Amino acid sequence: RSSDLDYVDYQLGYTGRIQYGLFYQSPDARGNRGVEGDNSEYNQAAEPFSNPTMYNLTFFGSGEPGFDEANSPGIFLRRGARGSFNNVALSNFYSTCIDVNDAATQGQADAGNVKMDGIACWKTNLGGTPADTLAGNIPSATYNLPYAQGQKGNGAGKNFLVANPLFTRPFEYSDPDFAVLFGSPLFRVGAVQPPDDGFFDQSAKFIGGMGDENWTEEWTSFLVETDIQP
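Quantities reported herein were computed from a predicted structural model and do not represent experimental measurements.

Draft legend 1. Structural detail: the nonpolar core. Within the largest apolar cluster, 31 residues are counted, with the highest numbers of intra-cluster contacts made by Phe59, Phe85, Met116, Ile119, Tyr147 and Phe160. The set of elements that each furnish at least two residues to this core consists of strand E1 (8-10), strand E2 (17-24), strand E4 (53-60), strand E5 (75-78), strand E6 (83-91), strand E7 (98-100), strand E8 (114-122) and helix H3 (144-148). Sort the elements by how many residues they give to this core and E8 lands first, with four residues. Apart from residues lying up to four places away in sequence, tyrosine 147 is in contact with Ile98, Ala109, Val114, Lys115, Met116, Lys152, Gly153, Ala156, Gly157 and Phe160. Of all hydrophobic cores here, the second largest spans 14 residues; its members include Leu22, Leu161, Leu186 and Ala191.

Okay, structure coming up:
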């Protein structure tokens with residue numbers, strides 16, 4: 001659960017690997033963006049480039065403008081950032097599903113250095129016109145929508161999905177369940193298999209950080225502290 005911050009915030013040459021992430025905000029504890037990726041605010045072409053690899057993440061926004069940044073998309077990349085984002089589900093963001101924000105970062109995407117494969121967008125762009133279409137979730141006609149359609153970014157943006165993920169009860173007060181129901185489109189054929197590199201779990205051939213098994217049970221508490229204080 002995040003407050004006042006971005007969920008995943010990387011910069012200055014970060015090249016790590018991330019898998020199985022579940023990130024949640026509520027309207028009374030707003031953060032900003034799901035992913036905020038920068039190369040360097042001092043030199044957008046600085047090396048080594050920020051270039052992490054991520055698989056199987058689920059991001060729930062608060063549905064409200066960001067805590068201190070009104071533009072609060074699910075994935076926000078800027079300042080020449082690179083990255084590989086795979087099997088990612090994003091929902092309930094006030095701003096767009098993705099934002100490859102500036103010329104330097106769009107140039108990295110055009111060179112094939114910003115890769116997105118298996119991206120599920122649902123009920124994002126809530127501050128705009130949240131139609132249940134790709135254009136409704138990623139409305140930019142200049143770069144981001146063409147990127148998601150594979151028309152920009154050297155074909156590195158592909159397999160974008162707009163459909164109800166069928167989460168069990170993600171917004172249940174003090175007792176959320178982020179697993180998805182049987183028949184969820186996040187189990188669709190074509191989700192990306194993580195690589196066999198000794199780090200990633202290759203069995204996670206679904207979109208999002210959680211399949212049909214709620215791995216938060218018995219070790220994670222979502223109780224609101226004010227409700228249990230004596």
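Draft legend 2. Representation of the pattern of salt bridges. The full count for this structure, using the stated rule, is nine salt bridges. For arginine 33, the salt bridge is made with glutamate 69, and the minimal N-O distance between the two is 3.3 Å. With arginine 33 in the loop between E2 and strand E3 (35-38) and glutamate 69 in the loop between E4 and E5, the pair connects residues that are 36 residues apart, well separated along the chain. With a shortest N-O distance of 3.1 Å, arginine 78 and glutamate 36 are connected by a salt bridge. Here glutamate 36 lies in strand E3 and arginine 78 lies in strand E5, a separation of 42 residues in the sequence. Assigned by exposure class, arginine 78 and glutamate 36 land together as buried. A network of salt bridges, in which partner residues are shared, links Arg33, Glu36, Asp38, Glu69, Arg78 and Arg79.

Draft legend 3. Structural detail: the sheet that holds E3. With parallel pairing, four strands are arranged side by side in an open sheet as E1-E3-E5-E7. Edge positions in the sheet fall to E1 and E7, since each has one partner strand and no second. Adjacent strand axes in the sheet meet at a mean angle of 5 degrees when their direction is disregarded. One ladder, built from three bridges, connects E5 with E7; its direction is parallel. Within the sheet, the bridge partner assigned to isoleucine 75 lies in E7 and is isoleucine 98.

Cut-offs applied
- Residues numbered from 1 in each chain as written.
- Predicted model: local features only at pLDDT ≥ 70, side-chain atom pairs only at ≥ 80, totals over all residues.
- Heavy atoms only, no water.
- Core = buried A, V, L, I, M, F, W, Y, C linked by side-chain atoms within 4.5 Å.
- Buried < 20%, exposed > 50% of the residue type's maximum accessible area, 1.4 Å probe, protein only.
- Helix = DSSP H or I, 4+ residues; strand = E, 2+ residues; numbered from the N terminus.
- Contact = heavy atoms within 4.5 Å.
- Salt bridge = Lys/Arg side-chain N within 4 Å of Asp/Glu carboxyl O.
- Pairing = 2+ DSSP bridges.
- Axes fitted to C-alpha atoms, helices over the stretch in contact; angles between N-to-C directions.

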